[in-house]
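Structure at a glance
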Amino acid sequence: MRTIFFLLTFLIISPALLAQADTSLRAMDDREKELYKLIMEYRKKKWLKEIPLSPSLTKVAQCHARDLNKYPREKKCNMHSWSKNGPWKPVCYTDTHKGAELMWSKPSELTAYTAEGYEIVHWQSNSNFTAQDALDGWKSSYGHNACILNLGMWKTSKWRAIGIAVEGNYAVVWFGKETDPAGEISVE
C-alpha cells in the first residue's frame, strides 16, 4: 500500500516538476556583461551613477528570460507577464498595467531581495542580437529609456541594484531601489 502511494505521488508530481522553469543563477556571459557596461556608459553620459550588479535581480532576470522563451504568453499579456510554470505567482501583465504589483513582487518571490523590482524587456526575432541592439531598442522607447535614465515617473527613483539576463530571443533587465542583501556581482 505504501509503495502504491509513493508511486502515485511520483506520477502526479513528476510532470509538474518537469514543467517548472529553471530558477538557478548562472554566471553572466559576455553579452550580458557587455549589456551591463553599455547601460552604465549610457547612464554616465547623462551624469547618472553606476548601479551595482545584483545577484538577486540577475537571478530574477534569468528566470524571466527562461520563462518567456519556454512558455509563450497569451496575446493580451505583454512581456512583463509570467507563466504558471514556476515557483512564483503567475501574472498576465497588460498594457493598462493590470498585474503590475504581481510583476514588481517577483524579486521577493524568487530571492532574498525584499524590495520591489522594475523590469524592461527586449525581444528580437533573431536570437543572435547584440547587447547594443537591446540598448538601442530601449533607447528608442520613451518608457524604457525613462526607466534606464531615471526620467519621467522614475525621476525620483534611485537605482541601487540591477540585474541582467540575455537568453534566447530576450534581454531582461531588473532595477531595484534597495541594495541587494546578497551583495554585488563584479564585472571585469
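Here the structure is shown first, and the text comes after it.
Residues numbered from 1 in each chain as written. Predicted model: local features only at pLDDT ≥ 70, side-chain atom pairs only at ≥ 80, totals over all residues. Heavy atoms only, no water.

1. Thoughts on the packing of aromatic side chains
Counted under the stated rule, the structure contains 7 aromatic pairs. Where Trp82 meets Trp88, the ring centres are 4.8 Å apart and the plane angle is 75°; that geometry is what we call edge-to-face. Judged by its relative accessible area of 3%, Trp82 is buried. Through a chain of ring-to-ring contacts, three or more aromatic side chains come together here, namely Trp104, Tyr118, Trp154, Trp159 and Phe175. The lysine or arginine in question, Arg31, covers the ring of Phe129, its NZ or CZ lying 4.9 Å from the ring centre. One residue, Lys106, lies across the ring of Trp82, its end atom 5.8 Å from the ring centre. (Phe/Tyr/Trp six-rings, centres within 6.5 Å; stacked < 30°, edge-to-face > 60°. Buried < 20%, exposed > 50% of the residue type's maximum accessible area, 1.4 Å probe, protein only. Lys NZ or Arg CZ within 6 Å of the ring centre and 35° of its normal.)

2. A closer look at the environment of His80
Inspection of the secondary structure puts His80 in the loop between helix H3 (55-70) and helix H4 (100-104). Side chain to side chain, His80 and Glu119 meet in a polar contact 2.8 Å long. (Helix = DSSP H or I, 4+ residues; strand = E, 2+ residues; numbered from the N terminus. Polar contact = N/O pair within 3.5 Å; in protein donor to acceptor, adjacent residues only side chain to side chain.)

3. Considering the state of the cysteines
For the coordinates displayed, the defined rule picks out 1 disulfide. Put simply, Cys77 and Cys92 are joined by a disulfide, and their sulfur atoms are 2.0 Å apart. On the S-S bond that ties Cys77 to Cys92, the torsion sits near -105°, and the link is left-handed. Pair noted here: Cys77 is in the loop between H3 and H4 and Cys92 is in the loop between H3 and H4, with a separation of 15 residues, a long-range link. (Disulfide = S-S within 2.5 Å.)

4. Quick word on the pairing of strand S1 (residues 117-123)
Across the 7 residues of S1, 6 count as buried, placing the element largely inside the fold. Direction of pairing for S1 relative to strand S3 (residues 170-176): antiparallel, over a ladder of 7 bridges. From the neighbouring strand, Val121 faces S3, where its bridge partner is Val172. (Pairing = 2+ DSSP bridges.)

5. Describing the pairing of S3
For a regular strand, the rule is simple: side chains alternate between the two faces of the sheet. Counting buried positions over the 7 residues of S3 gives 7, a clear majority of the element. Residue alternation in S3 divides its side chains into two sets, Tyr170, Val172, Trp174 and Gly176 and Ala171, Val173 and Phe175, and both sets are buried. Here strand S2 (residues 161-167) folds back onto S3, and the loop between the two strands holds 2 residues, one of which, Gly168, carries a positive phi near 60°.

6. A look at unusual backbone geometry
Positive phi is not limited to glycine here, since His97 has a value of about 70°. Here His97 lies in the loop between H3 and H4. With relative accessibility at 52%, the residue His97 sits in the exposed group. Despite not being glycine, Asn150 shows a phi value in the positive range, around 55°. Looking at where Asn150 falls in the secondary structure, it is placed in the loop between helix H7 (142-149) and S2. Judged by relative accessible area, Asn150 falls into the buried class, the value being 9%.

7. Notes on the layout of surface pockets
Taken as a whole, the largest pocket spans an internal volume of roughly 490 Å³. Lining the largest pocket are 21 residues, with His80, Tyr93, His97, Glu119 and His144 positioned closest to its centre. In terms of residues, the lining of the largest pocket owes the most to one element, H7, which gives 5 residues. Its residues assigned to classes, the lining of the largest pocket shows 13 nonpolar, 6 polar and 2 charged. In this structure, the second largest pocket spans a volume of roughly 210 Å³. In terms of lining, the second largest pocket is formed by Arg43, Leu48, Lys49, Glu50, Pro52, Asn150, Lys155, Ser157, Lys158, Trp159 and Arg160. Classifying every residue of the lining of the second largest pocket by side-chain character gives 3 nonpolar, 2 polar and 6 charged. (1 Å grid on protein atoms, 1.4 Å probe; cavity = no way out; pocket = protein on both sides within 12 Å on 5 of 7 lines; lining within 4 Å. Points joined across faces, edges and corners; volume = space filled by probe spheres on them. Nonpolar A, V, L, I, M, F, W, Y, C, P; charged D, E, K, R; others polar.)

8. Some details on the sheet that holds S1
Read from one edge to the other, the open sheet built from 3 strands follows the order S1-S3-S2, with strand pairing classed as antiparallel. The two strands at the open ends of the sheet, each matched to only one other strand, are S1 and S2. Ignoring which end each strand starts from, the neighbouring axes of this sheet average 15° apart. Along the sheet face, helix H2 (residues 30-45) touches S2 and S3 and points at about 135° away from the line of S2. Packing against the sheet, H3 makes contact with S1, S2 and S3, and its axis sits at approximately 30° to S2. (Axes fitted to C-alpha atoms, helices over the stretch in contact; angles between N-to-C directions. Contact = heavy atoms within 4.5 Å.)

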